[in-house]
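A look at the structure
Residue strings, one per chain:
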Amino acid sequence: MTEDSTRLRQADEIQALSSIYGEDWCVLDSSTHRYAVRITDSAETPKWKVTLQVHMPEGYPQNSPPEYQISAPWLRGEERNRLEDALAQVYCDNLGEDIVYLWVEAVREFLQQKTDQAEVKPAVDLQDDLDPTAEDLETSFVFSFRHFELSRIFNFKKFRHFFPFNTVECPDIIHGETILDRKSTFQPHLAIVRDKDQVSAVMNKLMENKKIANATHNMLAYRIIGDSGVVYQGCHDDGETHAGSRMLHLLQIMKVENVLVVVSRWYGGIQLGPDRFKHINNCCRQILEANGFLSEKVINMCNFDFEQLQILSSCNTDNL
């Protein structure tokens, strides 16, 4: 998608959001594509309210996720985690699509559930936070804005309940060769999956292995082609920002179907910088090739894209 078409998609989405949410929609800074929307439950006299601030980077929606900040003084701890999990799942289920409207409605549904549960009214005055001035929101962006990441949704050690136990038989899991670098170890795992329940079953099975469960990161990506040709895909960073989305991009350019790839990393105490992304990409590629998922034609066709993916990885300056 060209830069002009990306801008056009953003402009169309912003216009639609403004029309839908009216006075609840606020433009913080049009030049940097920063906006906010006030969200309440559906009660006649709203009980629960939050402000969702969003930033649309240049590559959004096709190549980059939006960034967001949730403003609500009463939203803390496990409850905030659950809401962030829901937003992460919405993003995973709609990669490359306009996401802000879906996020707003996911937040509204979250608030409505709180109202339905008749929870105790929060012991804080929400009005000052829920009707902020543009200046207040601008300050919040400067100091509080963070990149959207999917690290909570599959935080296996804390949120095992995300993968419900079910009766779906776990498919065979293949464990690939390890890559060692400066005391860090990377190992890929692969399974053939044909529905999301099998993804859950595979992850539950992997977490039964104490070594894998104790890995510093268990990053994943999957692509499933339904009977009607609909593509179901998702990814997860598990704390390694953008790693899962890069794994998914690799599956996309390699055109693989009905496969889940997990890469476990055990951190050895020495920071690898951008080399860690190179190892994650290589783990994915090697286990796919070793198990016959790639024909020679597909390998040749995606070589250029893979090289670009490696360049993208090397541009990341985060340390770990």
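The following refers to the structure shown. (Residues numbered from 1 in each chain as written. Predicted model: local features only at pLDDT ≥ 70, side-chain atom pairs only at ≥ 80, totals over all residues. Heavy atoms only, no water.)

**Regarding the sheet that holds strand β3 (residues 49-55)**
- Across the sheet, 4 strands lie side by side as β1-β2-β3-β4; this open sheet has antiparallel pairing. The open sheet is flanked by β1 (25-29) and β4 (67-71), the only strands paired with a single partner. Neighbouring strand axes in the sheet, compared pairwise and without regard to direction, differ in orientation by 20 degrees on average.
- Bridge analysis of β3 against β4 gives 5 bridges, and the strand direction is antiparallel. Counterpart to V54 in the pairing with β4 is Y68. (Pairing = 2+ DSSP bridges. Helix = DSSP H or I, 4+ residues; strand = E, 2+ residues; numbered from the N terminus. Axes fitted to C-alpha atoms, helices over the stretch in contact; angles between N-to-C directions.)

**Thoughts on the pattern of salt bridges**
- In the structure shown here, the tally under the stated rule is 11 salt bridges.
- The partner of R9 in a salt bridge is D98, and the shortest N-O contact between them spans 3.1 Å. With R9 in helix α1 (residues 3-21) and D98 in the loop between α2 (77-93) and α3 (100-116), this pair connects stretches of sequence that are 89 residues apart.
- Residue class for R9 comes out partly exposed when judged on its relative accessible area of 21%.
- Of the charged contacts, one joins R276 and E240 as a salt bridge, the two residues approaching to 2.9 Å between their closest N and O atoms. Taken together, the residues R276 in helix α9 (residues 275-290) and E240 in the loop between β9 (231-236) and α8 (243-254) connect sequence positions 36 residues apart. Taken individually, R276 and E240 each receive the classification buried, so the pair is uniform in this respect.
- Each of D181, R182 and D275 takes part in a single network of salt bridges with overlapping partners. (Salt bridge = Lys/Arg side-chain N within 4 Å of Asp/Glu carboxyl O. Buried < 20%, exposed > 50% of the residue type's maximum accessible area, 1.4 Å probe, protein only.)

**Examining the environment of R108**
- Structurally, the position occupied by R108 is in helix α3.
- Linking R108 and S42, residues 66 residues apart in sequence, is a C-alpha distance of 7.7 Å.
- Excluding anything up to four places from it in sequence, R108 contacts Y21, I39, T40 and S42.
- At 3.2 Å, the side chain of R108 and the backbone oxygen of T40 are in polar contact. (Contact = heavy atoms within 4.5 Å. Polar contact = N/O pair within 3.5 Å; in protein donor to acceptor, adjacent residues only side chain to side chain.)

**A look at the pairing of strand β2 (residues 34-40)**
- Taking burial as the measure, the 7 residues of β2 include 5 buried ones, the bulk of the element.
- Relative to β2, β1 runs antiparallel, the two sharing 4 bridges. By the bridge assignment, V27 is partnered in β2 with Y35.
- With 7 bridges joining them, β2 and β3 adopt antiparallel strand pairing.

**Digging into α9**
- Between its first and last C-alpha, α9 extends 22 Å over 16 residues, near the 22 Å set by a 1.5 Å rise per residue.
- Listed as buried for α9 are R276, F277, H279, I280, N281, N282, C283, C284, R285, I287 and L288.
- Looking at the residues trailing α9, positive phi occurs at G292, about 75 degrees. (Expected span 1.5 Å × (residues − 1).)

**A few points about α3**
- Taking 1.5 Å per residue as the helical rise, α3 with its 17 residues ought to reach 24 Å, and the 24 Å between its terminal C-alpha atoms agrees with that figure.
- Where α3 is concerned, the buried positions are V100, W103, V104, A106, V107, F110, L111 and K114. For α3, the arc enclosing every buried residue in end-on projection is 160 degrees, short of the 170-degree limit, so these residues lie on one face. (Arc of directions from axis to C-beta.)

**Some words on the pairing of β9**
- Pairing analysis gives 6 bridges linking strand β8 (residues 217-225) to β9, with the strands arranged antiparallel. When the sheet's bridge partners are listed, I224 is paired in β9 with Y232.
- Connecting β8 to the antiparallel partner β9 that follows it, the hairpin turn spans 5 residues, and G229 within it adopts a positive phi of roughly 90 degrees.

Structural measurements only, silent on function.
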